[in-house]
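# Architecture at a glance
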Amino acid sequence: MKNWIIAIVVVVLIAMIGGCSYNGMVKSDEDVKGKWGQVETQYQRRSDLIPNLVSTVKGEANFEKSTITEVTEARAKATSIQVDPTKLTPEAIQQYQQVQGQLSTALGRLLVASENYPNLKANEAFGKLQTQLEGTENRISVARKDFNDAVQNYNSKVRSFPTNIMAGMFGFSAKGYFQSEAGADKAPKVQF
């Protein structure tokens, strides 16, 4: 009789620990998905600003058409890539990040080229859009950091003992991080 009671108590304890572990993993998984949603929201905000920026720049008659075309094409490509929040694999995040990086590069060229056009630089609408774009880039950086923090918390839970046993049983696997852009470890050279 004693052995049955001990066995029942052990089973109940294992079930309670497993239930807490499962609920903790679900909560962390949902946190990662929420943070991913914030990353997408900020990238969408940037994509929404681009048509207004391009329209303002087009007003400057002599502006390089190839630069405008490059920004428009990069925006179209960036908005066509969608990542399922339930499949945040390192490969999916890398692909998303690569396309967004191409858009960042095209926008950078647009803003650098705009320096050669005094009328454009003096345009109040262009100045406001440029400020909004800079603010959005900062928001993207914060959202990416928050996402990486949530992924780190989740991955720590999924890989720690004894939670890793429950994670394997219920299909929870490690998620991917945002990585820095290639060459970001080197300071840019400024020459006058």
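Rules and cut-offs
Residues numbered from 1 in each chain as written. Predicted model: local features only at pLDDT ≥ 70, side-chain atom pairs only at ≥ 80, totals over all residues. Heavy atoms only, no water. Buried < 20%, exposed > 50% of the residue type's maximum accessible area, 1.4 Å probe, protein only. Helix = DSSP H or I, 4+ residues; strand = E, 2+ residues; numbered from the N terminus. Arc of directions from axis to C-beta. pLDDT = per-residue confidence, 0-100. Salt bridge = Lys/Arg side-chain N within 4 Å of Asp/Glu carboxyl O. Axes fitted to C-alpha atoms, helices over the stretch in contact; angles between N-to-C directions. Parallel < 35°, antiparallel > 145°, perpendicular 65-115°, else oblique. Left-handed = near helix turned anticlockwise from the far one by under 90°. Contact = heavy atoms within 4.5 Å. Nonpolar A, V, L, I, M, F, W, Y, C, P; charged D, E, K, R; others polar. Patch = residues over 30% accessible without salt bridge, like charges linked within 9 Å, V, L, I, M, F, W, Y side chains within 5 Å. Areas by Shrake-Rupley, 256 points an atom, 1.4 Å probe, with all protein chains shown as cover.

### A look at helix 6 (residues 163-170)
Those residues of helix 6 that fall on the buried side of the exposure criterion are T163, M166 and A167. Around the axis of helix 6, the buried residues are gathered within 105 degrees of arc, so they sit on the same side. Pointing more than 90 degrees away from the buried face of helix 6 are the exposed residues G168 and M169.

### Brief notes about the confidence of the model for the chain
Residues at a pLDDT of 70 or more form 82% of the chain, whose mean pLDDT is 79. No element of the chain has a lower mean pLDDT than helix 4 (residues 118-122), at 67, and none a higher one than helix 5 (residues 124-159), at 88.

### Quick look at the pattern of salt bridges
Overall, the coordinates contain six salt bridges when judged by the stated rule. We note a salt bridge from D29 to K33, for which the minimum N-O separation is 3.3 Å. Pair noted here: D29 and K33 are both in helix 1 (residues 2-58), with a separation of four residues, about one helical turn. Among the residues examined, D29 registers a relative accessible area of 9% and is labelled buried. Here D149 makes a salt bridge to K145, at a shortest N to O gap of 2.6 Å. Residue D149 and its partner K145 are located together in helix 5, separated by four residues, close to a single helical turn. By sharing partners, the salt bridges in this structure join D29, E30, K33 and K175 into a single network.

### Here we look at the environment of N52
Looking at the secondary structure, you find N52 in helix 1. With a relative accessible area of 43%, N52 lands in the partly exposed category. Residues N52 and F126, 74 residues apart in the sequence, show an inter-C-alpha distance of 8.8 Å.

### A closer look at the packing of helix 2 (residues 65-80) against helix 3 (residues 90-114)
It is at 9 Å that the axes of helix 2 and helix 3 come closest, and there the two elements cross at 160 degrees. Classified by the angle between their axes, helix 2 and helix 3 sit roughly antiparallel to one another. As helix 2 runs across helix 3, the sense of the crossing is left-handed. Contacts between helix 2 and helix 3 involve T67, I68, E70, V71, A74, R75, K77 and A78 from the first element and V99, Q100, Q102, L103, A106, L107, R109 and L110 from the second. The residue inventory of the contact of helix 2 with helix 3, partitioned by class, reads nine nonpolar, three polar and four charged.

### Details of the packing of helix 5 against helix 6
Look at helix 5 against helix 6: their axes get within 6 Å of each other, and the N-to-C directions meet at 95 degrees. By the angle between their axes, helix 5 is roughly perpendicular relative to helix 6. Only T163, N164 and A167 of helix 6 make contact with helix 5, whose side of the interface consists of K157, V158 and R159. Split into classes, the residues belonging to the contact of helix 5 with helix 6 amount to two nonpolar, two polar and two charged.

### Quick look at a nonpolar patch on the surface
A contiguous nonpolar surface patch, about 570 Å² in accessible area, is contributed by Y22, F161, I165, M169 and F170. Counting residues per element, the nonpolar patch draws most heavily on helix 6, which supplies three residues. Along the chain, the position of F170 falls in helix 6. Using a relative accessible area of 45% as the deciding quantity, one classes F170 as partly exposed.

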